Amino acid sequence: MKITEFKDRFPDEHSCRIDFKLKREKEGVICKRCFHKEHTWLSKRYQWHCKGCGFRTTLRSGTLMHDSKLPLRTWYLCMAFMGMTKKAMSAHEMRRQLDMKRYEPVWAMMHKIRKAMGQRDKRYELFNSVELDEGYFPQATPIAIKLKRGKGSQRKKNVLVMAESTPLENVNTGKKSSHCRFFKMKVLQTGTADSINQELRESINEKAIVFSDKATNYIDIAKYVEGHVKIKSDKQSTNESLRWVHMAISNAKRTLLGVYHKIRGVNLQCYLDEFCYKLNRRYFGDRLFDRITIALASSLCIHAD
Ligand SMILES: [Zn+2]
């Protein structure tokens, strides 16, 4: 969405609240106390009144925004900027665009929006043919950030990257290629086969066929999916069969390191969630903004966050 269009659609706090109300109702408002689904809307208070027990639910209650004091329009503007930038925007730049004084609330808001994106993408499993590989993302340790050391103090974080890829063959020339659909990227706590298998089971449908190289950590993959094709690790075969995961890994590194310079390991997953969310919706164009607001409307606050 363009900024001029944003100003027309959302001139004030009220217009944002009404939009958010409709999106939450579409996703379904559930009473926290009695799990009833029917409510009446108290328009003056911007709250839902449970028809079952009378409990009131505020607009933000239960979502990742529940403890934020920022106006809803600030959240909306932030989501508009995140949706309109093709790659990514730093919190410093966002703070400037939103004309806010402090950096921390802006960073926290962006981080929650990324979390909502991650929660939304977690609902989908990868099907059919799935390419799988690992990428190593440099991360700055807290000490390295403090001391502002160079690359020497950076450690790498292991990320499992998966891409749905449909094989295509040109009937005239016989040339083989593939078409990509959805991507997932998961930070691995350890690089062991167990941690890979756990992420794989959460991300890939059991009827899928997985393509990977012959790394020893991939030894158990066939137990969890319909088939596992191991590809010879030479340049030509990996370029063909693991084309999309490699493309995604190099694009993600370029985007993340270009914008954020230093990412702490604990935060890497959220940045990857934003990257994948946008990559998976690369053809959405101006509709992306509304999808992000829906992701936030359907987000769940988890107290561990
Ligand atoms: Zn109730």
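Residues numbered from 1 in each chain as written. Predicted model: local features only at pLDDT ≥ 70, side-chain atom pairs only at ≥ 80, totals over all residues. Heavy atoms only, no water.

1. A closer look at the overall build of the chain
For the chain, the helix and strand inventory stands at eleven helices and eight strands. Scaling as 2.2 N^0.38, a compact globule of 305 residues should have a C-alpha radius of gyration of about 19 Å, and the chain matches this with 22 Å. For the chain, the share of sequence-separated contacts (at least 6 apart) that also reach a separation of at least 24 residues comes to 61%. Taken as a whole, the chain presents about 17000 Å² of accessible surface, with 51% of it coming from carbon and sulfur. Computed over 59 positive and 33 negative side-chain charges, the inter-centroid distance for the chain is 5 Å. (Helix = DSSP H or I, 4+ residues; strand = E, 2+ residues; numbered from the N terminus. Rg over C-alpha atoms; globule rule 2.2 N^0.38 Å. Contact = heavy atoms within 4.5 Å. Areas by Shrake-Rupley, 256 points an atom, 1.4 Å probe, with all protein chains shown as cover. Lys, Arg positive; Asp, Glu negative; His and termini not counted. Charge placed at Lys NZ, Arg CZ, Asp CG, Glu CD.)

2. Re the domain arrangement of the chain
The assigned domain composition of the chain is domain 1 (3–122 + 286–297) and domain 2 (129–280). Each of domain 1 and domain 2 was reduced to a C-alpha centroid, and the two centroids are 30 Å apart. Across the interface of domain 1 and domain 2, roughly 1600 Å² is buried in total on both sides, 58% from carbon and sulfur atoms. Counting the surface domain 1 buries against domain 2, the share from its top three residues, Arg114, Met117 and Asp121, is 35%. Taken together, domain 1 and domain 2 are joined by one salt bridge. The partner of Glu274 in a salt bridge is Arg114, and the shortest N-O contact between them spans 2.8 Å. One can count ten residue pairs in polar contact (both at pLDDT 80 or more) joining domain 1 with domain 2. The set of elements that each furnish at least two residues to the side of domain 1 that touches domain 2 consists of α5 (103–122) and α11 (288–297). No other element matches the nine residues that α5 contributes to the side of domain 1 that touches domain 2. (Domains from an automatic or database assignment. Buried area = accessible area lost by both parts, 1.4 Å probe. Salt bridge = Lys/Arg side-chain N within 4 Å of Asp/Glu carboxyl O. Polar contact = N/O pair within 3.5 Å; in protein donor to acceptor, adjacent residues only side chain to side chain.)

3. Re the coordination of the zinc ion
Bound to the zinc ion on the protein side are Cys31 (SG), Cys34 (SG), Cys50 (SG) and Cys53 (SG), at distances that span 2.3 to 2.4 Å. Around the zinc ion sit four donor atoms, and with donor-metal-donor angles ranging over 101 to 114 degrees the site reads as tetrahedral. Here the donor residues of the zinc ion are spaced in sequence according to C-x2-C-x15-C-x2-C. One end of the pair, Cys34, is in the loop between α2 (13–27) and β1 (39–42); the other, Cys53, is in the loop between β2 (47–50) and β3 (56–58), with 19 residues separating them in the sequence. (Donors = N, O, S within 2.8 Å, 3.2 Å for Na, K, Ca; no water. Tetrahedral: all angles 85-135°; square planar, octahedral: opposite > 155°, others 65-115°.)

4. Observations regarding the pairing of β2
Here β1 pairs with β2 via four bridges, running antiparallel. Bridging from a neighbouring strand, Thr40 pairs with His49 of β2. As consecutive antiparallel partners, β1 and β2 are separated by four residues, and within that stretch Tyr46 has a phi angle of approximately 55 degrees, a positive value. Relative to β3, β2 is paired through three bridges, and the arrangement is antiparallel. Paired with Gln47 across the bridge in β3 is Thr58. Between β2 and β3, which pair antiparallel in sequence order, lie five residues; one of them, Gly54, sits at a positive phi of approximately 85 degrees. (Pairing = 2+ DSSP bridges.)

5. Brief notes about the nonpolar core
Among the nonpolar cores identified, the biggest contains 39 residues, and Trp75, Tyr76, Met94 and Ile113 are the most heavily contacted of them. Among the elements of the structure, α2, α3 (72–84), α4 (91–98), α5 and α11 are those that each provide at least two residues to this core. Those residues in contact with Met94 that sit more than four places away from it in its chain are Cys78, Phe81, Met82, Met89, Val106 and Met110. Of all hydrophobic cores here, the second largest spans 25 residues; its members include Ala88, Val159, Val161 and Ile263. (Core = buried A, V, L, I, M, F, W, Y, C linked by side-chain atoms within 4.5 Å. Buried < 20%, exposed > 50% of the residue type's maximum accessible area, 1.4 Å probe, protein only.)

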